Amino acid sequence: MAFIPCYYATQEKVDNDTIYIIGGKNGAVIRSSGKSSIIKCENGKITIKADSISIDGDLNIKGKVDIKGGLTINGIDFMSHTHSNGNMGSPTGAVIPA
């Protein structure tokens, strides 16, 4: 099944070399056939849902970051990592207490 977005004369001019998906008042949704991967665009908000999300390239974030769940940096769990220097050589413990 496929659909073709409609273009209305009242909308601003679009680039003919780009595919535009223009949603209604509730936004637009792109999803896999199994419904396990979803991208939902609403006014001022984008939600991405999938079992795994990969970004191949630089990621720039402007604003607040809220992480729920685990965070691994270079193979090291963020919450349980320790520092080997800066405290008279003794580990300092996790950056954010659990």
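Each remark here, short or long, concerns the structure printed above.
Residues numbered from 1 in each chain as written. Predicted model: local features only at pLDDT ≥ 70, side-chain atom pairs only at ≥ 80, totals over all residues. Heavy atoms only, no water.

When helices and strands are counted, the protein chain shows zero helices and five strands. Along its sequence from the N terminus, the protein chain presents helices and strands in the succession β-β-β-β-β. Evaluated residue by residue, the protein chain yields a buried proportion of 2% over its 98 residues. For the protein chain, contacts bridging at least 24 residues in sequence account for 0% of all contacts bridging at least 6. Approximately 9,400 Å² of the protein chain is accessible, and the part contributed by carbon and sulfur atoms is 54%. (Helix = DSSP H or I, 4+ residues; strand = E, 2+ residues; numbered from the N terminus. Buried < 20%, exposed > 50% of the residue type's maximum accessible area, 1.4 Å probe, protein only. Contact = heavy atoms within 4.5 Å. Areas by Shrake-Rupley, 256 points an atom, 1.4 Å probe, with all protein chains shown as cover.)

Moving on, we get to the sheet that holds strand 2 (residues 38–42). By way of backbone hydrogen bonds, the strands of a sheet pair with one another, either parallel or antiparallel. Strand order in the open sheet formed by three strands is 1-2-3, and the pairing between neighbours is antiparallel. For this open sheet the edge positions go to strand 1 (28–31) and strand 3 (45–49), each flanked by a neighbour on one side alone. Mean inter-strand twist for the sheet, computed between neighbouring axes without regard to direction, equals 10 degrees. Sheet topology note: the strand 2/strand 3 ladder contains five bridges and is antiparallel. Looking at strand 3, one finds that Ile 39 is bridged to Ile 48. (Pairing = 2+ DSSP bridges. Axes fitted to C-alpha atoms, helices over the stretch in contact; angles between N-to-C directions.)

The phi dihedral of Asn 74 is positive, around 50 degrees, even though this residue is not glycine. In this structure, Asn 74 sits in the loop between strand 4 (72–73) and strand 5 (76–77). Classification of Asn 74 as exposed rests on a relative accessible area of 78%.

This paragraph deals with a nonpolar patch on the surface. A contiguous nonpolar surface patch, about 1,200 Å² in accessible area, is contributed by Ile 19, Ile 21, Ile 30, Ile 39, Ile 46, Ile 48, Ile 53, Ile 55, Leu 59, Ile 61, Val 65 and Ile 67. Inspection of the secondary structure assignment puts Leu 59 in the loop between strand 3 and strand 4. (Patch = residues over 30% accessible without salt bridge, like charges linked within 9 Å, V, L, I, M, F, W, Y side chains within 5 Å. Salt bridge = Lys/Arg side-chain N within 4 Å of Asp/Glu carboxyl O.)

Pairing between strand 1 and strand 2: four bridges, direction antiparallel. Bridge assignment links Val 29 to a residue of strand 2, and that residue is Lys 40. Counted along the chain from strand 1 to the antiparallel partner strand 2, the turn is six residues long, and its residue Lys 35 has a positive phi close to 65 degrees.

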